[in-house]
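# Observations on chain architecture
Given next are the chains, with one letter for each unit.
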Amino acid sequence: MIIQRDHYLKQLIDAQGNGLIKIVTGIRRCGKSFLLSKLFRDYLENEGVARDHIIHIPLDDRKNAPLRDPDALLDHLDSLTTGNAKYYILLDEIQLVEDFVGVLNSLLHNERLDVYVTGSNSKFLSKDIATEFRGRGQEIHMFPLSFAEYYSATGGDKSDAYREYYTFGGLPQILSINGTQAKREYLSQLDTTVYLRDILERNNIRNSEEFEELLKIIASSIGAPCNPTKLSNTFKSLKNITIYSQTIANYLSYAQDAFLVEKALRYNIKGKKYINTLAKYYFSDMGLRNAFTDFRQIEETHLMENVIYNELRMRGFQVDSGSVEAYIRDKNGTAKRVQYEIDFVANQGDIRYYIQSALDIPDDAKMAQETESFNRIDDSFKKVLIVGRNIMPYRNAKGYLIIGIYDFLLHKDSLAI
């Protein structure tokens, strides 16, 4: 089954010949190697690039083990790139090469080479890998399948596909696995043998049980504002375990570096400043999140919020959680300060959207409740309420866009309606 990852393929195409190392990053098993070795290679051949001018080396292939030596790899590439024509160098699992940074820097000196690399372990997945090539590398970050990509492969009833998506996630391999139990076992095995192991080994974490327990707590509290101190107290009260807040901060950083979770900062809309005390954490893949909870906490409300967050990030938005303060009077006429929550403040250049997520809007009272925070924002940026039902998009009397989850996810320009 071939799923066209056009969003990422276009980025590779646009980056051709820019003199930089193109570095495809993303969580393991999200499709980086397939993007480079199949989709991009096919594109180059269709554009008329000769096959012998596209050099693809999967370094995880045992037959290519000798090329993991940096000098052997450079000598091999020199022997294949003769003359003055352009060559495209596609290197999978570059982290298997000792001193791969030195290798890539050497390749940059040859103007005839256009170099693209992927890596699939935590050494390469670190968010700061692009800084190894400051000014000399372009990072193309890849996410698991969006729902639109997922649905292009499954088709059928949208509600069935969406339920499977928020349960088993968007790692491409999941589409090739039949049966609920087999999918659960696959994801649980990935959690323990791939993601956890990589993070533990890379960061020399000695207490693996503490780290895994932290991920389970985060997985159980999607969308809940928290910070290391609050999480430390949770460990103490629920698990009777003492873990210092700085240790928890380090653990969270490690999970972010491996792209397993992302952090949404709290933003004070009226004060136009970030609130450093609390943040929200979201998993990059819903299947992995659910595996950490042993598939026992499939609450559609919270999973929908995580799905929306991931979709916004896939579309290139910087996403924060928002808060807006207002003073209201109680029944006695006494003024009191109230803080209203905005699920997402999505920014992209000079574009901003305020977004709320609601599973259902059964009546006017619920609509008023879900949009009250919008009423407290005094700027003119667009306000969107995403409902977890298949409804026709419309604008209410205050101009707020009300859109169903399927229309939001399946149409890339849905927020611009």
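Data block above holds the structure.
In what follows, the accompanying structure is described. Position numbers for residues count from 1 along each chain, tracking the sequence in the order it is written. Local features in a predicted model are, by the rule used here, given only for residues with pLDDT of at least 70; side-chain atom pairs are given and counted only at 80 or more, and totals for whole chains, interfaces and linings are based on all residues. In computing side-chain values, all of the structure's heavy atoms are included and hydrogens and water are not.

## Describing the overall build of the protein chain
Quick reminder of the rule: Counting from the N terminus, the helices are the DSSP runs of H or I reaching at least four residues and the strands are the DSSP runs of E reaching at least two. When we talk radius of gyration, it's over C-alpha atoms, and the globule rule is simply 2.2 Å times the number of residues to the 0.38. Burial here depends on accessible area, computed with a 1.4 Å probe over protein chains only, as a share of the maximum for the residue type. Under 20% is buried, over 50% is exposed, and the range in between is partly exposed. Any two residues whose heavy atoms approach within 4.5 Å at even a single point are treated as in contact. To measure how exposed things are, a 1.4 Å probe is used in the Shrake-Rupley method; for residues, cover is taken only from the protein chains shown. Under the counting rule used here, the positive set is Lys and Arg, the negative set is Asp and Glu, and His together with the chain ends is not counted. Charge positions are represented by NZ for Lys, CZ for Arg, CG for Asp and CD for Glu.
For the protein chain, the count of helices and strands is 15 helices and 13 strands. Rg of the C-alpha trace for the protein chain: 23 Å, near the compact-globule value of 22 Å for 417 residues, within the 12% margin. With the principal axes as the frame, the protein chain shows a C-alpha extent of 85 × 50 × 45 Å. Taking all 417 residues of the protein chain together, 51% fall into the buried category. Contacts in the protein chain between residues far apart in sequence, at least 24 positions, make up 67% of those at least 6 positions apart. Total accessible area computed for the protein chain in this model is approximately 19500 Å², and 45% of it derives from carbon and sulfur atoms. Side-chain charges in the protein chain split into 52 positive and 56 negative, and the spacing between the mean points of these groups amounts to 5 Å.

## Considerations on the environment of Lys-230
In this fold, Lys-230 is placed in helix 10 (residues 228–239). For the pair Lys-230 and Tyr-186, spaced 44 residues apart in sequence, the C-alpha to C-alpha distance is 32 Å.

## A look at the pairing of strand 3 (residues 87–92)
Applicable threshold: A pair of strands is treated as paired once DSSP finds two or more bridges between them. Here is how to tell: hold the view so the strands point away, follow the path from the first strand over the helix to the second, and if it runs clockwise the crossover is right-handed.
Of all the 6 residues making up strand 3, 6 are buried; the element is thus mostly covered by neighbouring parts of the structure. Here strand 3 shows a buried face lined by Tyr-87, Ile-89 and Leu-91 and a second buried face lined by Tyr-88, Leu-90 and Asp-92. Taken together, the 5 bridges between strand 2 (residues 54–58) and strand 3 define a ladder with parallel strand orientation. Within strand 3, the residue paired with Pro-58 across the bridge is Asp-92. Viewed along the sheet, the connection from strand 2 through helix 3 (residues 70–80) into strand 3 turns out right-handed. Note that strand 3 and strand 4 (residues 113–118) share 5 bridges and pair parallel. Residue pairing across strands places Leu-90 opposite Tyr-116, the latter belonging to strand 4. Each parallel crossover has a hand, and the one from strand 3 via helix 4 (residues 100–108) to strand 4 is right-handed.

## Digging into the pattern of salt bridges
In plain terms, the rule: Only one rule defines a salt bridge in this text: a Lys or Arg side-chain nitrogen within 4 Å of an Asp or Glu carboxyl oxygen.
For the coordinates displayed, the defined rule picks out 18 salt bridges. Of the charged contacts in the structure, one is a salt bridge between Arg-315 and Glu-311, with a shortest N-O distance of 2.8 Å. Between Glu-325 and Arg-337 there is a salt bridge; the shortest N-O distance is 3.9 Å. Separated by 12 residues along the polypeptide, Glu-325 in strand 8 (residues 318–329) and Arg-337 in strand 9 (residues 335–348) bring together distant segments of the chain. A relative accessible area of 27% places Glu-325 in the partly exposed class.

## Looking at the packing of aromatic side chains
What counts is decided by this rule: By convention, a stacked pair of Phe, Tyr or Trp rings (six-membered ring in the case of Trp) has centres within 6.5 Å and planes under 30 degrees apart, an edge-to-face pair has planes over 60 apart, and any other such pair is tilted. Lysine and arginine charges are scored as sitting over a ring when NZ or CZ, respectively, is within 6 Å of the ring centre and within 35 degrees of the ring normal.
Enumeration according to the criterion identifies 19 aromatic pairs in this entry. Considering the side-chain rings of Phe-168 and Phe-295, the 6.1 Å spacing of their centres and the 45° angle between planes classify their relative orientation as tilted. Here Phe-295 lies in the loop between helix 12 (286–292) and helix 13 (300–314) and Phe-168 lies in helix 7 (residues 158–168), a separation of 127 residues in the sequence. As far as burial versus exposure is concerned, Phe-168 and Phe-295 are alike and both buried. Both rings, one in Tyr-282 and one in Tyr-309, keep their centres 4.5 Å apart while their planes meet at 15°; by these two values the pair is stacked. Of the two residues, Tyr-282 sits in strand 7 (residues 273–283) while Tyr-309 sits in helix 13, which places them 27 residues apart along the sequence. Just as Tyr-282 is buried, Tyr-309 falls in that class too. Cluster of aromatic residues (ring-pair linked, three or more members): Phe-147, Tyr-150, Tyr-151, Tyr-162, Tyr-165, Tyr-166 and Tyr-406. In this arrangement the basic side chain of Lys-22 is found over the ring face of Tyr-116, its NZ or CZ atom lying 4.8 Å from the centre.

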